[in-house]
Amino acid sequence: MKYNILIASLLFICIACNNKETKKIAPAEVKAPVKEGELTTIKLTEKAVSRLGIETIMVEEKELGEVFQTGGQMMAPPGKAASIISPLQGTLVLSGSEEPLPGVEVKKGQVLYRLVILPAEKDLVSVKQEVTSLSSQLDNAKKQAERTSQLLNDGAVSEKQNEQAQNNLAVVQQAYNDAQARYSLLKNGSSGNVGNNATYAIEAPMDGIIQQVYVSSGQTITAGIPIIDIAAVAPLWIKVSIYTGDVSALKLSQPAIIQKLGNSNSKISVEAKMATSPVTTNNSSLTDVFYEIANENKIFLPGEKVNVFLPKGTLEKNIAVPYSAVLYDYNGGEWVYVQTEPQTFVRSRVSVGQVINGMAVITNGLKLGMEVVTLGAPELFGTEFNSGK
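Residues numbered from 1 in each chain as written. Predicted model: local features only at pLDDT ≥ 70, side-chain atom pairs only at ≥ 80, totals over all residues. Heavy atoms only, no water.

Asker: I'd like a description of unusual backbone geometry, backed by residues and values.
Answerer: In the segment running from A234 into P235, the intervening peptide bond is cis, with an omega of -5°. Although it is not a glycine, N295 sits at a positive phi angle of roughly 55°. Relative to the helices and strands, N295 resides in the loop between β17 (286-293) and β18 (305-311). On the basis of relative accessible area, N295 is assigned to the buried category, the value being 6%. Positioned with a positive phi, K298 is a non-glycine residue whose angle comes to about 55°. Summarising the element assignment, K298 is placed in the loop between β17 and β18. (Helix = DSSP H or I, 4+ residues; strand = E, 2+ residues; numbered from the N terminus. Buried < 20%, exposed > 50% of the residue type's maximum accessible area, 1.4 Å probe, protein only.)

Asker: Account for the sheet that holds strand β11 (residues 220-221), with residues named and values stated.
Answerer: An order of β9-β8-β6-β11 is seen for the four strands of this open sheet, with the pairing classed as antiparallel. Single-partner strands in this sheet number two, and they are β9 (199-203) and β11. Of the pairings in the sheet, the one linking strand β6 (residues 90-94) to strand β8 (residues 111-117) comprises five bridges and is antiparallel in character. Its bridge partner being in β8, T91 is matched across the sheet by V116. (Pairing = 2+ DSSP bridges.)

Asker: Report on the pattern of salt bridges, specifying residues and quantitative values.
Answerer: Scanning the entire structure with this criterion turns up six salt bridges. When the shortest N-O distance is used, the salt bridge between E105 and K107 registers 3.9 Å. Taken together, the salt bridges that share partners define one network made up of E105, K107 and K298. (Salt bridge = Lys/Arg side-chain N within 4 Å of Asp/Glu carboxyl O.)

Here it is, written out as structure tokens:
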């Protein structure tokens, strides 16, 4: 009997325990969550804005369409590049203290080299004979000048006769120096002190930069040898080679965007207009299109490779900001900083539809007229979370 009562009691306890509700425990708990409408407002001083390098733009609609990205090469327009060719046989000597180098800017008429003209046969003996003959003439000219000067003091000759003797001495002296320099070049390969009258000046034919140097000072060259290539810097053309089958899908008459390599999100890009009609060479599958930029600030150089963005399809108006203004959080959320008042910024969530030529098309989160931070957004993000400058 006692065992029956004990078993019944145990069964009652078990049933009661099974009927008791179990309290659920959440896997995570967030205290004091911050709503997006209550995000931190950042107020900076004028000095802080300047130190962080913050720049803003007003949100507006831009005509953006699908683009075709390809490569191009900068080149001088026709008639704005020149190759300097040696007109005579001779030895090059420096005009200044430094050798002309590729990439160095030069001005029209600037003397790059001097060419010491050599006899066609490079006859060392004949040049030595010339030096000997001129040495004798120089001795006679010196004696004549001294004698005339003495006679002038004695009143035996006129001032004019004395000047003629002195001028004759100067002419013979210069001829002797030039001949001596040519002899030194032929014998030792050294120019010595070569007077300008004994040389031919190699001058820059235009303003531009040196693209290629084919010679060096002290080198003896013959007529017709290339010396230096020079190209103008402003304006510049961009040669873009496109597969002919893609040309019909492009809006080549509309401006293209030219961008430096390795700067997909930077401001180092310019707008270019078509310079001439497209050219298709016989038996070629490529069509060459030429665009032109003013390049007044000389950002681009002849021969430089660049990115080219060509309009493709119909342009549509979209709210867009530079892609550099967009920040991403660790969840992939997209944000920009909006300037609500002078020196006051608030982080705002946005939705980026696509990125076209460095511009982020915003489908949600911004309105026309807002001021968005384009430079300095990462610094503001760091300031907001106490990890910035």
